[in-house]
Amino acid sequence: MATLPDGALMQRAATGLATAVADLLGGVYGRRIVLLVGPGDNGGDALYAGGVLARRGASVEAWLLADTWHDDALAALRRAGGRTSAPRPLRAGAVDVVVDGVFGIGARPGLPPRVAEAVIPISSSIPFVAVDVPSGVGVDTGEGGGMHLRADLTVTFGTHKIAHLADPAAQACGVVELVDIGLDLPPAPVESLGEADVAGLLPRPRPDDHKYTRGVVGVRAGSATYPGAGLLAVAGANTGLAGMVRYVGSAAETVKQHHPEVVGPGRVQAWVVGPGTADDAEQHLAEAVADDVPLVVDADALGHVTAPLPQAVLTPHAGELAAMLGVERKAVEAAPLRHATDAAARFGCVVLLKGNHTGIAGERVRITTAGTPWLATAGAGDVLSGLIGALLAAGLAPFDAASVGSWLHGAAGTLASDGGPITATDLARAIPRVVQQIAVRHWGL
Ligand SMILES: NC(=O)C1=CN([C@@H]2O[C@H](COP(=O)(O)OP(=O)(O)OC[C@H]3O[C@@H](n4cnc5c(N)ncnc54)[C@H](OP(=O)(O)O)[C@@H]3O)[C@@H](O)[C@H]2O)[C@@H](O)CC1
Ligand SMILES: Nc1ncnc2c1ncn2[C@@H]1O[C@H](COP(=O)(O)OP(=O)(O)O)[C@@H](O)[C@H]1O
């Protein structure tokens, strides 16, 4: 994506940035602001915004951290009463905010030593506002890129970039504020579903439906070692989004005790295979694949995927994906989107890589930001695989089933949590409530 052209768009960006900084500070007059200024338009945006803030009574100093800078923008800052100064250590409370205008959307990942030396002695308790992206992150990959800055607030223009959505870069962005400056933009390289998108994709029961027309999902999960994983995958599948749930596995008695709606083997429109299946995983996978219906492959079954599975959604966490690709877990965590995309190409199917922000690679790339870290709890992934299976059985294409399922899962986790801890059982129980809220808000029911 091109950097912002000079002139009107830059002025609009600077005004949006200045407004966001003023909102963060709760006022402007008398506030002390440091601008970290790089060589390009990103630094220009920061300098022009600094000018706007200086005119409103802020004390603004610019640290010029490259050999060149945006001349007109620096002149504007000076006219408004701002000044340049040399970098110095900043202890807590020394200034009110630091604005990171070092590098923007055109930059390579990483930071030059001169920038690192200026930034390291700044107290981490001073708020940082990034212009477009925290400097040093991989804008188009979401990768960390070695050393990079971290922001409490990132102000970006026109559209979100991959770094705002994909971890680990997204975690460095803090809150992301999008400012519309009237840019004419190409289609986004990644998507992130919102509630209205999910409402448009979710299967709705029709008056002439019966349970079989709504789809039957079969769950092959659980074992003597992990009966709970079977129960939780069933709990995710048995949330009312498909017409019926079948269970095949060694936890059948326990499953029936907890879920009287669930029936035994028979014909299904989609399978969920893997959670807690331990030594039975390979056979379960072979039997599910032989049925030639869409399927979710999770947990222990992932290690038995050797050939492309065009109708599948694979749902690994970083450790499972690392094992599938023969790389270290750390490598996946440093570049989750790239590894998910590689795996989707290699296995010819949709790959959903679970994490704080979950990435779904298939015909395109979607990223789910709807969850909460309270979802990092045993069995939450088992619930997800069941839920996606239900959506497949209900007729969604694998890419949509994965991304809608992931969004509902995140929203259910957030609703169930309400800021506090949750179990996977709480999560599964919240899924129908999320769907009900969507129905009321978007379907007029
Ligand atoms: N209720 C149920 O029935 C549930 C059943 N479940 C089922 O369990 C099965 C295994 O799935 P999983 O994702 O947990 O394990 P997996 O990918 O093999 O990674 C193992 C890695 O974890 C690590 N490790 C272990 N303990 C650790 C510790 N204390 N602190 C730190 N690390 C620790 C361990 O490292 P190590 O100890 O070897 O150093 C290893 O690297 C699967 O079938 C799943 O469906 C789950 O869904 C949960 C609910
Ligand atoms: N830090 C986090 N923030 C948000 N969601 C998380 C976080 N950690 C895990 N999750 C979500 O919780 C689920 C955990 O799944 P998984 O790792 O398979 O656990 P399990 O095997 O115990 O079910 C995934 O959906 C994942 O996206």
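Residues numbered from 1 in each chain as written. Chains lettered and ligands numbered in written order. Predicted model: local features only at pLDDT ≥ 70, side-chain atom pairs only at ≥ 80, totals over all residues. Heavy atoms only, no water.

## Regarding the overall build of the protein chain
Our working definition: Each helix corresponds to a stretch of at least 4 residues labelled H or I by DSSP, and each strand to a stretch of at least 2 residues labelled E; elements are numbered beginning at the N terminus. We compute the radius of gyration from the C-alpha atoms alone; for a globule the expected value is 2.2 Å times N to the 0.38, where N is the number of residues. Burial status follows relative accessibility: with a 1.4 Å probe on protein chains alone, a residue under 20% of its type maximum counts as buried, one over 50% as exposed, and anything between as partly exposed. For this analysis, residues touch if any pair of their heavy atoms sits within 4.5 Å.
A count of helices and strands for the protein chain gives 16 helices and 15 strands. Taken over the C-alpha trace, the protein chain has a radius of gyration of 25 Å; the compact-globule value for 445 residues is 22 Å, and the two agree within 12%. Taken along its principal axes, the extent of the C-alpha atoms in the protein chain is 75 × 50 × 40 Å. Split into buried and exposed, the 445 residues of the protein chain put 55% on the buried side. Look at the contacts in the protein chain between residues 6 or more apart in sequence, and 68% of them connect residues 24 or more apart.

## Description of the site of ligand 2
We apply this condition: Near is defined per residue: the residue qualifies when any heavy atom it owns lies within 4 Å of the molecule or strand. Pairing of N or O atoms within 3.5 Å defines a polar contact, subject to two protein rules: one partner must be a possible hydrogen donor and the other a possible acceptor, and residues neighboring in sequence count only if both atoms are side-chain atoms. Using a 1.4 Å probe, accessible areas were evaluated by the Shrake-Rupley method; residue-level cover was limited to the displayed protein chains.
Neighbouring ligand 2 are 16 residues, the closest being Lys354, Gly355, Leu375, Gly379 and Gly381. Contact distances for ligand 2 include 3.0 Å between an oxygen atom and a backbone N or O atom of Leu375. Between an oxygen atom of ligand 2 and a main-chain N or O atom of Ala380, the distance comes to 3.3 Å. Burial of ligand 2 by the protein chains amounts to 77% of its free accessible area of 570 Å².

## What about the site of ligand 1?
Taken together, the residues surrounding ligand 1 are Tyr226, Gly228, Ala229, Pro275, Gly276, Ala299, Asp300, His317, Glu320, Ala378, Gly379 and Asp382. Within the side chain of His317, a nitrogen or oxygen atom sits 2.8 Å from an oxygen atom of ligand 1. One of the side-chain N or O atoms of Asp382 is found 2.8 Å from an oxygen atom in ligand 1. Calculation on ligand 1 without its partners gives an accessible area of 930 Å², and the protein chains cover 36% of this total.

## Remarks on the domain arrangement of the protein chain
To keep things clear, this is the line we draw: Domain start and end points were adopted from an automatic or database domain assignment. Buried area: the accessible surface (1.4 Å probe) lost by two parts on joining, summed over both.
Each assigned domain of the protein chain is listed here: domain 1 (8-179) and domain 2 (195-442). Just the C-alpha atoms count here: the centres of domain 1 and domain 2 sit 40 Å apart. Facing 11 residues of domain 1, the contacting portion of domain 2 comprises 10 residues. Carbon and sulfur atoms make up 57% of the area that domain 1 and domain 2 hide from each other, which totals about 700 Å². Ranking the residues of domain 1 by area buried against domain 2 places Glu143, Leu165 and Asp167 at the top, with a combined share of 63%.

## Observations regarding the UniProt feature "binding site: (6S)-NADPHX" (unreviewed entry) in the protein chain
Note the cut-off: UniProt positions are given in the numbering used here, feature names are shortened, and annotations may be inferred rather than shown by experiment.
The sites that carry the UniProt feature "binding site: (6S)-NADPHX" (unreviewed entry) are, in the present numbering, Ala229, Gly276, His317 and Asp382. Setting aside anything within four residues of it in sequence, one finds His317 in contact with Arg329, Leu353 and Lys354. With respect to the element layout, Asp382 can be found in helix α14 (residues 380-393). The class of Asp382 is buried, set by a relative accessible area of 14%. In contact with Asp382, not counting residues within four places along its chain, are Ala229, Leu232, Ala233, Pro275 and Asp298.

## What to know about the packing of helix α8 (residues 227-237) against α14
What counts is decided by this rule: Only the stretch in contact is used when fitting a helix axis, every axis being a line fitted to C-alpha atoms; angles between N-to-C directions are given from 0 to 180 degrees. If an angle is under 35 degrees, it is roughly parallel; if it is over 145, roughly antiparallel; if it lies from 65 to 115, roughly perpendicular; otherwise it is oblique. The handedness criterion is simple: a crossing whose near helix is rotated anticlockwise from the far helix by less than a right angle is left-handed, and one whose near helix is rotated clockwise is right-handed. All residues other than Ala, Val, Leu, Ile, Met, Phe, Trp, Tyr, Cys, Pro, Asp, Glu, Lys and Arg, Gly among them, are scored as polar; the first ten of these are nonpolar and the last four charged.
Where α8 contacts α14, the axes come no closer than 6 Å and their chain directions differ by 40°. Classified by the interaxial angle, the pair formed by α8 and α14 is oblique. When you trace α8 past α14, the crossing you get is right-handed. When α8 is examined against α14, the residues Ala229, Leu232, Ala233, Gly236 and Ala237 are found in contact with a partner set consisting of Asp382, Val383, Ser385, Gly386, Leu387 and Ala390. Residue classes in the contact of α8 with α14 are distributed as seven nonpolar, three polar and one charged.

## Some remarks on the environment of Glu195
Summarising the element assignment, Glu195 is placed in helix α7 (residues 195-201). Classification of Glu195 by relative accessible area gives partly exposed; the value is 22%. In sequence terms Glu195 and Val404 are 209 residues apart; their C-alpha atoms lie 9.5 Å from each other. With near-sequence residues (within four places) excluded, Glu195 lies in contact with Trp407, Ile438, Arg441 and His442. At 2.6 Å, the side chain of Glu195 forms a polar contact with the side chain of His442.

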